[in-house]
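Fold and geometry: a report
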Amino acid sequence: MINDSYFSVSGYIATQPVSGMTAGGVPTLSMRVGWTPRRYDRVLAEWTDEPSSFVSVRCYRKLADNGAACLRKGDPIVLKGTLRVREFTDAAGAKRNAVDVVADFIGHDMTRGISSFNKTLARQAQTALEALRAGRAEAGGGPLPGDRDDAAASGPVDGQDDQLATGSGPGGRELSGPAADGLEDPDDEEAFDDDEAAELLADGSEPAVLSG
């Protein structure tokens, strides 16, 4: 943005990150970040450390949530954000200036170690049926008409497994031979006896059904 002062640095987290919340309910994460510049001393012919510098860093929203889960004191990081200089009054009544950075991006410095990255996926929207099922579940309702229980859909009905195991038919009658295999017995007797039926018809009676 115009008139913003951008800030980027490779440093380390100098204090324990602290999670918080704004008055409006926005997640925050605050910490101190330090860095130590190095310069080459031609007199000593070696690299030397200059005094360390520190800045207060504040993260908001999703960056605060993700940072709270993986940032620790001492972690080497790469930081990019917007510089803010604010004036405040200390406990003694003196006016002082504070330099803060509102972070836009924070990442571990891969030149100083390794890190593991897990991408956070946004939750996909529900279908109409998923939303209806979720609403019925929250209201204490049952499944939708047409929905079947997994166990009922995949397994036999109550008692059917016992019949299949023992070879028994309805009413507990024992099945054997082709009937037990679900096949019609070719030697099975006729359900009606023709001779007996003819005699009963001559008397005006209904034909009798013979049990097998």
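Residues numbered from 1 in each chain as written. Predicted model: local features only at pLDDT ≥ 70, side-chain atom pairs only at ≥ 80, totals over all residues. Heavy atoms only, no water.

1. Some remarks on the overall build of the chain
A tally of regular secondary structure across the chain gives five helices and eight strands. Going from the N terminus to the C terminus, the chain shows its helices and strands as β-β-β-β-β-β-α-β-β-α-α-α-α. Within the span of the chain, comprising 212 residues, buried residues form 17% of the whole. Here the contacts in the chain between residues at least 6 apart in sequence split such that 50% fall between residues at least 24 apart. (Helix = DSSP H or I, 4+ residues; strand = E, 2+ residues; numbered from the N terminus. Buried < 20%, exposed > 50% of the residue type's maximum accessible area, 1.4 Å probe, protein only. Contact = heavy atoms within 4.5 Å.)

2. Things to note about the nonpolar core
The biggest cluster of nonpolar side chains holds 16 residues, and the ones touching the most others in it are Phe-7, Met-31, Val-55, Val-57, Cys-59 and Leu-79. Among the elements that line this core, the one with the most residues is strand S3 (residues 27–35), at four residues. If near-sequence neighbours (up to four positions away) are discounted, Cys-59 is found in contact with Pro-27, Thr-28, Leu-29, Met-31, Ala-64, Ala-103 and Ile-106. (Core = buried A, V, L, I, M, F, W, Y, C linked by side-chain atoms within 4.5 Å.)

3. Quick notes on the pairing of strand S1 (residues 5–13)
In terms of strand pairing, S1 meets strand S7 (residues 76–89) through eight bridges, oriented antiparallel. Residue pairing for S7: Ser-10 is matched across the bridge by Val-78. Alignment of S1 against S3, held across two bridges, turns out to be antiparallel. Across the sheet, Ile-13 pairs through a bridge with Val-33, a residue of S3. (Pairing = 2+ DSSP bridges.)

4. Re the pairing of S7
When S7 meets strand S8 (residues 95–108), the two strands line up antiparallel, connected through 13 bridges. Looking at the pairing, Gly-81 lines up with Ala-103 of S8. Two successive antiparallel strands, S7 and S8, enclose a turn made up of five residues, where Gly-93 displays a positive phi of approximately 90°.

5. A word on the pattern of salt bridges
Tallying each qualifying case throughout the model produces three salt bridges. Residue Asp-49 is joined to Arg-38 by a salt bridge in which the shortest nitrogen-to-oxygen separation is 2.8 Å. Of the two residues, Asp-49 is situated in strand S5 (residues 46–49) and Arg-38 in strand S4 (residues 38–41); the sequence distance between them amounts to eleven residues. Each member of the pair Asp-49 and Arg-38 is classed as exposed. Measuring nitrogen to oxygen at the nearest pair gives 2.4 Å for the salt bridge that ties Asp-100 to Arg-86. (Salt bridge = Lys/Arg side-chain N within 4 Å of Asp/Glu carboxyl O.)

6. With respect to the packing of aromatic side chains
Applying the stated criterion across every chain, the model contains two aromatic pairs. An angle of 55° between the planes, with centres 5.6 Å apart, marks the rings of Phe-7 and Trp-35 as tilted. In this pair, Phe-7 sits in strand S1 while Trp-35 sits in strand S3, placing the two residues 28 residues apart along the sequence. Accessibility classification places Phe-7 together with Trp-35 in one group, the buried group. Consider the rings of Tyr-40 and Trp-47, whose centres lie 5.6 Å apart with planes at 70°: the pair is edge-to-face. (Phe/Tyr/Trp six-rings, centres within 6.5 Å; stacked < 30°, edge-to-face > 60°.)

7. Describing the confidence of the model for the chain
In the predicted model, the chain carries a mean pLDDT of 76, and the fraction of residues at 70 or more is 66%. The lowest-confidence element of the chain is helix H4 (residues 160–166), averaging 47 in pLDDT; the highest-confidence one is S3, averaging 95. This model gives residues 150–154 a pLDDT under 50, and the stretch forms one contact once residues within four places in sequence are excluded. Per-residue pLDDT stays below 50 along residues 175–186; that stretch engages in seven contacts with residues further than four places along the chain or on separate chains. (pLDDT = per-residue confidence, 0-100.)

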